[in-house]
Protein chains: 2
Amino acid sequence: MQLHQQAASAKSAAVALATAGTAQKNIALAAIAAALDANRATILAANEKDIAAAQESGMASAMLDRLTLTDARISGMISGVEDVIALDDPVGAFLHMSKRPNGLVIGRKRVPLGVVAIIYESRPNVTVDAAALCLKAGNAAILRGGKEAIHTNLALAQLMRDALAETALPEDAVHLISDTSRESAVTLMGLTEYIDVLIPRGGAGLIRSVVENAKVPVIETGVGNCHVYIDADADLDMGAAIIGNAKCSRPSVCNAAETLLVHSAVAIQFLPKAAALLNHYSVQLRGDDETQRILGDCVIPATEEDYDTEFLDYILAVKVVDSIDEAIAHIRRHGSGHSECIVTENYTNAQRFLDEVDAAAVYVNASTRFTDGGMFGLGAEIGISTQKMHARGPMGLQELTSTKFVVYGNGQIR
Amino acid sequence: MQLHQQAASAKSAAVALATAGTAQKNIALAAIAAALDANRATILAANEKDIAAAQESGMASAMLDRLTLTDARISGMISGVEDVIALDDPVGAFLHMSKRPNGLVIGRKRVPLGVVAIIYESRPNVTVDAAALCLKAGNAAILRGGKEAIHTNLALAQLMRDALAETALPEDAVHLISDTSRESAVTLMGLTEYIDVLIPRGGAGLIRSVVENAKVPVIETGVGNCHVYIDADADLDMGAAIIGNAKCSRPSVCNAAETLLVHSAVAIQFLPKAAALLNHYSVQLRGDDETQRILGDCVIPATEEDYDTEFLDYILAVKVVDSIDEAIAHIRRHGSGHSECIVTENYTNAQRFLDEVDAAAVYVNASTRFTDGGMFGLGAEIGISTQKMHARGPMGLQELTSTKFVVYGNGQIR
């Protein structure tokens, strides 16, 4: 019931937010940044509780690290809010406006989505990032983080609400769901009366659960089974650098590469070069027969499942293919539509790959790791969409908006 | 199982469609138009079977009329296909392209959605309209019409598939689901592996079922509880003409008005004027106390439910309000986010209404009946979205597309 009340009050707040001016929204964001800065001790104390509980439950160190806040990480959150202040307000822009033969003047205006719900996992900085982006785009945010971070998230949300209460914007623009049970998440996914869009941010299990259970409109994000394909005409040194970067610069993120495809004409030269580089990071290679033949014992046999797996780790599936067609077909069968790269000097193959591979981002001769709102010039991002509806790829402020048709008449009837 | 096979082959066809050129698509559409023209007798014979079954089951005459094809209606379908040929191909356009500081050249390119499923009710012309629009935007179409029109739909789909088989495009670009059971619809709504977007076109019951059951991304369409608000500063003759047109020109469609709101300052002058006009069409008025007081016995008392009802008939709910704020609040509570109109000569009230009313189309001084792809200059439409995600309002070819980021590098790593 509390959840329904929160959602209903978020919907009311969205009405006020929709007509708020850019200055009002920026003042509110500045108040949030100031509140975070003034209450570092409160935030860290709440985070301590989460860390203590996590340690008691034996949380793995990588996850514990994602959960942990420090003074520097709070500063990171604050500068994240400041970055959002600096972004252009997308709301109110007219996409076009024209006069119809009957004299009606019809325009299409950018408006907020309304109420945006975000279900996410451990990292507490998402609480602030998502609230700030939603607010700037004129949306109310309903945040439902993981249970591991609940004390931190509650403290952050309360600070943001208190900060908003001192401004012209309603504090109900930001809500955190305190019930972190599975049931509360499923309830949230069904609130079609209040929620305009639900964005899940997290692992494959969360995404699947949302796709299965949600009745509200969803933007699917994140799962990235990304490929780098080394063509017969590739610059092999460039190829090695790209797969090294795409796999190793941050293997835990969705734009990291999970499978290397190599044309058979260059496999014997390329694979040892790539393996030497990947070996610096102790990357485990899982290869097909040909890869095993070329690289020998340093490769373990790949299963079909390996080609479908987002390892998010120092593990790379490898396959030798006989043509660009085979590479594209492999990506079509196994890819998740996130980010795909060809390394080649061949003009026609480059264009074919860009045209025929169906993914949010397709690359020639660059690391898949660039798929990111900041790197693509959109500013901060609320997630990376892997669906085709509404938004695809990194989602910035514009992807947190909708449009309305505005019609100026002088008595027209039909 | 047959449904899964159809969906899988649609997905394969979508790969070929995605890279098909405009000329190929137009040739295929011309082949479909020619096939419809050459096989009028076949279509009419199939339609005869549906009509016979409908008459036997005692179908209401309005529905029977929607189901019935004539030579003229077949000509209408053919010219609909010709209209789609004449529309610009949205696929392949770059929305923008720019160079990032690191030298990456990043563009955003319009691409097809992939596989679009459409669930619709009785009118068989949707079978051809939807297939043609999907095809022009490079999408494969999975069509699931109502059981009343099954013979007609099967004949139309077979003609289109046969026509495609003679062109460079795959016949599997168009599929009709022959199983019209509720179970087949629910199965279709769950095929996340194959279907990129599902568009339901039909009454409130169908839309609700889709929102409840769909796991694939959905664009909600159609339900239109539209309002006309006569402000204190309205030109009352214009207001009467607009409500007369919005209610009576075609009451069975979603952009028809269902509720009239009148400012109390002009109610006593306006209501008799409007009632006289609406009386020509024998419109039943259901009014609040004030409306009853002004108009007397020709009004029956409105229930709260009347204000939530899409009558789709010669029935109009009426309410007298004391301010524009009350009008906007009423629309917020009862509207379905379709089309909303203010009639006023007051500049500030006009702008407030456009800004504050949250709907796909907001009007000053024009009939809500203009909410339509053709009237808005988008060409033919696949439906009218009442959700905020992906598309809002009339959806033309552009709304049947997605985008991809295309990245040209020369060895960039992160």
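Refer to the preceding data block for the structure.
Residues numbered from 1 in each chain as written. Chains lettered and ligands numbered in written order. Predicted model: local features only at pLDDT ≥ 70, side-chain atom pairs only at ≥ 80, totals over all residues. Heavy atoms only, no water.

Student: With reference to specific residues and values, describe the side chain of serine 184 of chain A.
Tutor: All names here are of chain A. Among the secondary structure elements, serine 184 is positioned in helix α8 (residues 182–189). Overall, serine 184 belongs to the buried group, its relative accessible area being 4%. Contact partners of serine 184, with chain neighbours within four places excluded, come to Leu3, Arg144, Ile177 and Asp179. (Helix = DSSP H or I, 4+ residues; strand = E, 2+ residues; numbered from the N terminus. Buried < 20%, exposed > 50% of the residue type's maximum accessible area, 1.4 Å probe, protein only. Contact = heavy atoms within 4.5 Å.)

Student: Explain the pattern of salt bridges to me, using residue names and the numbers behind them.
Tutor: Overall, the coordinates contain 34 salt bridges over all chains when judged by the stated rule. The residue lysine 215 of chain A makes a salt bridge to glutamate 212 of chain B at a minimum N-O spacing of 4.0 Å. Taken together, the residues lysine 215 of chain A in the loop between α9 (204–213) and β7 (226–230) and glutamate 212 of chain B in helix α9 (residues 204–213) connect one chain to another. Classification of lysine 215 of chain A by relative accessible area gives partly exposed; the value is 29%. Within this structure, Asp196 of chain A together with Asp358, Lys388 and Arg392 of chain B form a network of salt bridges that share partners. (Salt bridge = Lys/Arg side-chain N within 4 Å of Asp/Glu carboxyl O.)

Student: Any details on the pairing of strand β6 (residues 197–201) of chain A? Residues and values, ideally.
Tutor: Residue and element names in this part refer to chain A. Of all five residues making up β6, five are buried, and the element is well covered by its neighbours. Alternating residues of β6 divide into Val197, Ile199 and Arg201 and Leu198 and Pro200, and every residue in both groups is buried. Two elements, strand β3 (residues 115–120) and β6, share five bridges in a ladder whose sense is parallel. In the sheet register, tyrosine 120 faces β6, and the bridge partner there is arginine 201. (Pairing = 2+ DSSP bridges.)

Student: Give a detailed account of helix α13 (residues 324–334) of chain B, specifying residues and quantitative values.
Tutor: All names here are of chain B. Among the residues of α13, those classed as buried are Ile324, Ala327, Ile328, His330, Ile331 and His334. Projected onto a plane normal to the axis of α13, the buried residues spread over an arc of 160 degrees and lie on a single side. Lining the buried residues of α13 we find β7 (226–230), β8 (257–263), β11 (315–321), β12 (339–343) and α14 (347–356). (Arc of directions from axis to C-beta.)

Student: Before we move on, can you summarise the interface of chain A and chain B with the specific residues and values?
Tutor: Facing the 72 residues of chain A at the interface are 72 residues of chain B. Together chain A and chain B conceal approximately 5,800 Å² of surface at their shared face, both sides included; 55% is due to carbon and sulfur atoms. The three residues of chain A that bury the most area against chain B are Met389, Phe405 and Arg414 of chain A, which together make up 15% of that side's buried surface. Inspection of the region where chain A meets chain B yields eight salt bridges. Salt-bridge contacts for glutamate 399 of chain A lead to arginine 108 of chain B; the nearest nitrogen and oxygen are separated by 3.2 Å. Linking chain A with chain B are 45 residue pairs in polar contact (both at pLDDT 80 or more), by the criterion used here. (Buried area = accessible area lost by both parts, 1.4 Å probe. Polar contact = N/O pair within 3.5 Å; in protein donor to acceptor, adjacent residues only side chain to side chain.)

Student: Tell me what's going on with unusual backbone geometry, and back it up with residues and numbers.
Tutor: If you check the backbone angles, leucine 312 of chain A has positive phi at about 55 degrees while not being a glycine. For leucine 312 of chain A, the position within the fold is in the loop between β10 (299–301) and β11 (315–321). Overall, leucine 312 of chain A belongs to the partly exposed group, its relative accessible area being 35%. At histidine 390 of chain B, a position not held by glycine, the phi torsion is positive, near 70 degrees. Relative to the helices and strands, histidine 390 of chain B resides in the loop between β14 (383–385) and β15 (393–395).

Student: Tell me about the relation of the copies chain A and chain B, and name the residues and values.
Tutor: A rotation about an axis combined with a shift along that same axis relates the two copies of the chain. Rotating chain A by 180 degrees and translating it 0.0 Å along the rotation axis places it on chain B, where the RMSD comes to 0.0 Å. Classification of the inter-copy transformation places it as that of a two-fold axis. It is histidine 390 of chain A whose C-alpha, among those of chain A, lies nearest the rotation axis, at 1.7 Å. With an isologous cut-off of 70% or more, the 100% of interface residues of chain A that recur at the interface of chain B puts this contact in the isologous class. (Least-squares fit on C-alpha atoms with pLDDT ≥ 70 in both.)

Student: Which residues make up the environment of glycine 337 of chain B, and what values go with them?
Tutor: Residues and elements named next belong to chain B. Of note, glycine 337 is situated in the loop between α13 and β12. When its relative accessible area of 12% is taken as the criterion, glycine 337 is described as buried. Between the C-alpha atom of glycine 337 and that of alanine 360, which follows or precedes it by 23 residues, the distance is 5.8 Å. With sequence-adjacent residues up to four places away left out, glycine 337 is seen in contact with Asp358, Ala359, Ala360 and Thr386.

Student: So what's going on with the sheet that holds strand β12 (residues 339–343) of chain A? Residues and values would help.
Tutor: In sheet architecture, strand pairing relies on hydrogen bonds along the backbone and comes in two forms, parallel and antiparallel. If you trace the ten strands from one edge of the open sheet to the other, you get β10(A)-β9(A)-β11(A)-β8(A)-β7(A)-β12(A)-β13(A)-β16(B)-β2(B)-β1(B), paired in mixed fashion. Of all strands in the sheet, those with a lone pairing partner are β10 of chain A together with β1 (94–99) of chain B, marking the two edges. Adjacent strand axes in the sheet meet at a mean angle of 25 degrees, parallel and antiparallel pairs treated alike. Across five bridges, strand β13 (residues 361–366) of chain A lies against strand β16 (residues 401–412) of chain B in parallel orientation. Its bridge partner lying in β16 of chain B, valine 362 of chain A is registered against valine 406 of chain B. Running at roughly 145 degrees to β16 of chain B, helix α14 (residues 347–356) of chain A makes contact with β7, β12 and β13 of chain A together with β2 (105–112) and β16 of chain B of the sheet. (Axes fitted to C-alpha atoms, helices over the stretch in contact; angles between N-to-C directions.)

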